[in-house]
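The residues making up each chain are set out below.
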Amino acid sequence: AEASGIGLGHILLKVNGVECQSADEAAHLIKTAPRPLHLECYAPPKEHCQAAVFASKHMVKYDDKGRYAPQSMWEWKPKYVVIGGVIADPLQMNMYRSKAEYDTAVMEVQSGQSHVSVKVKQFGLHNATLVNDQNGQPRTVEYREKWHYLCIVPEHGNPIKIAATKPERLDKIRTGMLKAQEHFRLQEMADRKEAQDYAASMQAAAPAPSYNASYNAYGGNHLHSQQQQQQQ
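Remember, predicted model here, so these are calculated numbers, not experimental data.

Parameters at a glance
- Sequence order as written defines the numbering, with residues in each chain counted from 1.
- Owing to the predicted nature of the model, reporting of local features is limited to residues with pLDDT of at least 70; listing and counting of side-chain atom pairs is limited to 80 or more, with chain, interface and lining totals taken over all residues.
- The basis for the side-chain values is all heavy atoms of the structure; hydrogens and waters are excluded.
- Helix numbering and strand numbering both begin at the N terminus, where a helix is a DSSP run of H or I of at least 4 residues and a strand a DSSP run of E of at least 2.
- Exposure categories follow from relative accessible area, calculated using a 1.4 Å probe and restricted to protein chains: below 20% of the type maximum is buried, above 50% is exposed, and the middle band is partly exposed.
- Residues are treated as being in contact if the distance between any of their heavy atoms lies within 4.5 Å.
- The pLDDT value tells you how sure the predictor is about a given residue, anywhere from 0 up to 100.
- When DSSP finds at least two bridges between two strands, those strands are taken to pair.
- Fitted lines through C-alpha atoms serve as axes, helices being fitted only where they are in contact, and the angles separating the N-to-C directions of these axes extend from 0 to 180 degrees.
- Residues counted as positive are Lys and Arg, residues counted as negative are Asp and Glu, and His and the chain ends are not counted.
- Salt bridges are counted wherever a side-chain nitrogen of Lys or Arg sits within 4 Å of a carboxyl oxygen of Asp or Glu.
- Planes of paired rings set the category: under 30 degrees apart is stacked, over 60 is edge-to-face and the rest tilted, where pairs are Phe, Tyr or Trp rings (Trp by its six-membered ring) whose centres lie within 6.5 Å.
- Working rule: Lys NZ or Arg CZ, within 6 Å of ring centre, within 35 degrees of ring normal, means a charge sits over the ring.
- Each helix should span, by expectation, one fewer than its residue count multiplied by 1.5 Å.

*Asks:* What is the right way to read the environment of V60 from this model?
*Replies:* Assignment of secondary structure puts V60 in strand β4 (residues 52-61). Classification of V60 as buried rests on a relative accessible area of 0%. For the pair V60 and P78, spaced 18 residues apart in sequence, the C-alpha separation works out to 6.2 Å. Not counting chain neighbours up to four residues away, the residues in contact with V60 comprise W76, K77, K79, V81, M95, K161 and I162.

Given below as structure tokens:
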């Protein structure tokens, strides 16, 4: 792939002419499609090639205040979930109706459009927490089959519940969220260090105060004039 010009941050659109609706589908197509493979990709500008921490299709629920799964499976919505990526902050989770609409949003933003033509839900992950069961694992709910789900409680807004029929598919979301938060913490530490270094350099470059300056700062001139008046 690298020899063909495909690099980090490039978005796979089609494999042998077949649209990729998810990362799992893309992997399946690449594995099973006849050779040679024809991959159609979108290559954003290099300065914007920040790969998504996580991207995949899931069932989600974010429109109520509850932290538990709804009673009916029909209350969930299918969404393409992306943490970070080329058009979002690393601590931002975006949800699209499909991977195709996410690809459209990326191309529109990179082309300079101020607004995208597709619908997107945005959630901040700064100071968000994960709520699991008593054993630290994703919670489960019984519908026609057992579903596993994570509950992410953001700093502001309703809890975000994300479900899958296989618990290992939720590991990527958990890892993606933790990676995003770690990236933010490291950036905060770097920003604080830069600010401290700048303050120290400014202090070192400042001239030392003169005797007169210190004298005036403590009201020396005023006291001296009072003493003169008393002597007169």
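*Asks:* Looking at this model, I keep getting lost on the confidence of the model for the chain. Mind explaining?
*Replies:* Detailed conclusions should not be drawn from predicted coordinates in areas where pLDDT is low. This prediction gives the chain a mean pLDDT of 79; 78% of its residues lie at or above 70. Mean pLDDT values for the elements of the chain range from 47 in helix α4 (residues 211-217) up to 95 in strand β11 (residues 160-164). Low pLDDT, under 50, characterises residues 213-225; the predicted model gives this stretch 5 contacts beyond four residues in sequence or across chains.

*Asks:* Is there a simple way to think about the sheet that holds strand β2 (residues 18-19) in this case?
*Replies:* Adjacent strands of a sheet pair through backbone hydrogen bonds, lying either parallel or antiparallel. Across the sheet, which stays open at both edges, the 3 strands sit in the order β2-β1-β3 with antiparallel pairing between neighbours. Pairing within the sheet leaves two strands with one partner each, and these edge strands are β2 and β3 (39-42). With 2 bridges connecting them, strand β1 (residues 11-15) and β2 associate as antiparallel partners. Along β2, the bridge assignment pairs V15 with V18. Helix α1 (residues 23-32) contacts β1, β2 and β3 of the sheet and is inclined by roughly 50 degrees relative to β1. Docked against the sheet, helix α2 (residues 99-110) engages β1, β2 and β3, running at close to 130 degrees with respect to β1.

*Asks:* Teacher, can you tell me more about the side chain of R174 here?
*Replies:* Topologically, R174 is positioned in helix α3 (residues 168-205). Buried within the structure, R174 lacks any salt-bridge partner; its nearest side chain of opposite charge belongs to D171, at an N-O separation of 4.5 Å. R174 has contacts with L130, N132, G136, P138 and L150, leaving out every residue within four places of it along the chain.

*Asks:* It is not clear to me how the environment of A105 should be interpreted in this structure. Could you clarify?
*Replies:* As for its placement among the helices and strands, A105 is situated in helix α2. Counting along the chain gives 18 residues from A105 to I87, while the straight-line C-alpha distance between them is 8.2 Å. Look past the residues within four positions of A105 in its chain and what remains in contact with it is I87, Y96, V116 and V118.

*Asks:* What exactly am I supposed to notice about the packing of aromatic side chains here?
*Replies:* Two descriptors summarise a pair of aromatic rings, namely the distance from one centre to the other and the angle between the planes of the rings. For the structure shown, the criterion picks out 6 aromatic pairs. Plain terms: the ring middles of Y80 and Y102 are 5.9 Å apart, the flat faces sit at 35 degrees to each other, and that makes the pair tilted. Residue Y80 is found in strand β5 (residues 77-84), and its partner Y102 is found in helix α2; the two are separated by 22 residues along the sequence. Pair check on accessibility: Y80 and Y102 agree, each one buried. Here a set of aromatic residues connected by ring pairs shows up, and it is made of W76, Y143, W147 and Y149. The lysine or arginine in question, R139, covers the ring of Y68, its NZ or CZ lying 4.0 Å from the ring centre.

*Asks:* Help me out: how do you make sense of the pattern of salt bridges in this one?
*Replies:* Once their charged atoms are close, side chains differing in charge can pair, the charge on each being opposite to the other. Inspection of the entire model under this criterion finds 6 salt bridges. Put simply, K61 and D64 hold a salt bridge, and the shortest N to O gap is 4.0 Å. For K61, a relative accessible area of 7% corresponds to the buried category. Overall, D64 belongs to the partly exposed group, its relative accessible area being 25%.

*Asks:* I'm lost on α2 in this one. Help?
*Replies:* Owing to its 3.6 residues per turn, the α-helix aligns residues three or four sequence positions apart on the same side. The terminal C-alpha atoms of α2 lie 17 Å apart, and with 12 residues this matches the ideal 16 Å at 1.5 Å per residue to within 8%. Listed in full, the buried residues belonging to α2 are K99, E101, Y102, D103, A105, V106, E108 and Q110. Contacts made by the buried residues of α2 are with β1, β3, β5 and β6 (92-96).

*Asks:* I tried to follow the pairing of β1 on my own but got confused; where do I start?
*Replies:* Walk down a regular strand and you will see the side chains alternate between the two sheet faces. When you tally the buried positions in β1, you get 4 out of 5 residues, the bulk of the element. Of the strand pairs in this sheet, β1 and β3 are connected by 4 bridges, and their pairing is antiparallel. Bridge pairing in β3 places V15 opposite L39. Linkage of β1 to β2, two consecutive antiparallel strands, is achieved through a turn of 2 residues, within which N16 is found at a positive phi near 50 degrees.

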